[in-house]
Each structure stands twice: as C-alpha cells, then as structure tokens.
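Here are the chains, one letter per residue:
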Amino acid sequence: MKQVLVMGGTEFVGKAFLQQLINLGYSVDFLTTGRRRSTISGYTTHIKCNRKKQSDLTAALKHKQYHYIVDISAYDKEDVDNLYTLRMCLGRFSLHSRIVMQFVKVTTSPTEKPSLGSL
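Residues numbered from 1 in each chain as written. Predicted model: local features only at pLDDT ≥ 70, side-chain atom pairs only at ≥ 80, totals over all residues. Heavy atoms only, no water.

Comments concerning the side chain of His 46
Rules: Segments assigned H or I by DSSP are reported as helices when at least four residues long, segments assigned E as strands when at least two residues long, and all are numbered from the N terminus. Polar contacts, as used here, are pairs of N or O atoms within 3.5 Å; protein pairs need one atom able to donate a hydrogen and one able to accept it. Residues neighboring in sequence count only if both atoms are side-chain atoms. Throughout, a contact is declared for two residues whenever any of their heavy atoms are within 4.5 Å.
Inspection of the secondary structure puts His 46 in strand 3 (residues 45–48). Reaching out from His 46, the side chain makes a polar contact with the side chain of Thr 32 at a distance of 2.6 Å. Among residues more than four places away in sequence, those in contact with His 46 are Thr 10, Phe 30, Thr 32, Arg 36 and Ser 38.

Below, the structure is given as structure tokens:
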C-alpha cells in the first residue's frame with residue numbers, strides 16, 4: 001500500500017484531499033499544528049507539530065518515509081525547505097500553496113531537489 005503524507009488536512013482543500021486519498025485506499029498520515037480537531041476518519045496518523053521549527057518537524061517525522069508528500073499548508077520557501085531536507089520522500093512531492101501560486105517540479109528521484117517556480 002502506498003504511504004502518503006498530507007501537510008494540512010483539517011479544513012477546506014486539505015480536508016477534501018485527505019478524504020479522497022483515504023477513499024482511494026491510500027495509507028495516509030497528515031500533519032497539522034493540532035489547533036483544529038479532524039472530523040475525518042480512516043487516516044493512519046494525525047501528526048501534530050510546528051512545521052516552522054525544523055527540530056519539531058524532524059522529531060515528528062523521524063524514521064518516516066512516504067511514497068508521496070502533498071503540501072497544502074506551505075506559506076513560504078522555508079516551509080518547503082524544512083520539509084524537503086528530511087529526505088523522507090520516496091517518490092513524488094507536490095506543493096499546493098494557499099498564499100502564492102507556486103509549483104514544484106514532480107520528480108521520480110528522491111535525491112533530485114524540487115525546483116520552485118511561479119505559475
């Protein structure tokens with residue numbers, strides 16, 4: 001079964017995306033600050049931490065690996081860099097920013113760093 005990490009997932013697009021992945025049979029973890037309670041069931045783990053602090057993110061995701069990472073809650077380049085430096089993505093990383101429409105080049109190699117650009 002494919003492992004997916006969703007960054008965000010308690011409201012709006014993130015919530016709908018999380019539910020769809022679960023409905024499609026993926027094993028899904030999602031990471032939020034924990035300020036809002038999730039109303040979705042069927043996920044594997046709700047990881048709660050401050051993604052802005054590299055030490056918190058590292059501790060929360062230590063020893064985790066995912067086939068796909070979908071980032072719905074990134075606000076800036078540092079958010080993406082903090083997550084990417086953990087090198088836990090085995091397949092594809094996708095960024096869907098709410099503030100600035102940016103995209104990440106989809107890669108098939110976990111060693112190739114995503115390239116950021118504007119739509």
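Quick notes on the pairing of strand 2 (residues 27–32)
The side chains of a regular strand alternate, first on one face of the sheet and then on the other. Put simply, the test is: The buried label goes to any residue with under 20% of its type's maximum accessible area, the exposed label to any with over 50%, and the partly exposed label to all in between, with areas taken from a 1.4 Å probe on protein chains only. When DSSP locates at least two bridges between a pair of strands, those strands are taken to pair. With the strands aimed away from the viewer, a crossover counts as right-handed if its path from the first strand over the helix to the second runs clockwise.
By the criterion of burial, strand 2 is predominantly enclosed, with 6 of the 6 residues buried. In this structure, strand 1 (residues 3–7) lies alongside strand 2, joined through 5 bridges in parallel fashion. When the bridges of strand 2 are listed, Leu 5 appears paired with Asp 29. With helix 1 (residues 12–23) bridging strand 1 and its parallel neighbour strand 2, the resulting β-α-β unit is right-handed. When strand 2 meets strand 3, the two strands line up parallel, connected through 4 bridges. Bridge pairing in strand 3 places Thr 32 opposite Lys 48.

Here's the deal with the packing of aromatic side chains
Here the distance between the centres and the angle between the planes together describe a pair of aromatic rings. Filter applied, for reference: By convention, a stacked pair of Phe, Tyr or Trp rings (six-membered ring in the case of Trp) has centres within 6.5 Å and planes under 30 degrees apart, an edge-to-face pair has planes over 60 apart, and any other such pair is tilted.
A complete count under the given rule lists 2 aromatic pairs for this structure. Both rings, one in Tyr 26 and one in Tyr 68, keep their centres 6.4 Å apart while their planes meet at 85°; by these two values the pair is edge-to-face. Pair noted here: Tyr 26 is in the loop between helix 1 and strand 2 and Tyr 68 is in strand 4 (residues 66–71), with a separation of 42 residues, a long-range link.

Remarks on the environment of Cys 49
Relative to the helices and strands, Cys 49 resides in the loop between strand 3 and helix 2 (54–61). C-alpha of Cys 49 to C-alpha of Gly 34: the two residues are 15 residues apart in sequence and 7.0 Å apart in space. Sequence-distant contacts of Cys 49, that is, excluding residues within four places in its chain, are made with Leu 31, Thr 32, Thr 33, Asp 56, Leu 57 and Ala 60.

A word on helix 3 (residues 77–84)
The buried count for helix 3 comes to 6 of 8 residues, which makes it a mostly enclosed element. When we look at burial in helix 3, the residues that qualify are Asp 79, Val 80, Asp 81, Asn 82, Leu 83 and Tyr 84. Two to three positions downstream of the cap, the backbone nitrogen of Glu 78 sits 3.2 Å from a side-chain oxygen, assigning the N-cap of helix 3 to Asp 76.

Topic: the nonpolar core
To keep things clear, this is the line we draw: In this description, a nonpolar core means a group of buried Ala, Val, Leu, Ile, Met, Phe, Trp, Tyr and Cys residues linked to one another through side-chain atoms lying within 4.5 Å.
Among the nonpolar cores identified, the biggest contains 11 residues, and these are Leu 5, Met 7, Leu 31, Ile 47, Cys 49, Leu 57, Leu 61, Tyr 66, Ile 69, Leu 83 and Met 88. Looking at this core, the elements that each hand over two or more residues are strand 1, helix 2 and strand 4. Membership of the second largest hydrophobic core comes to 10 residues, among which are Val 4, Phe 30, Val 70 and Ile 72.

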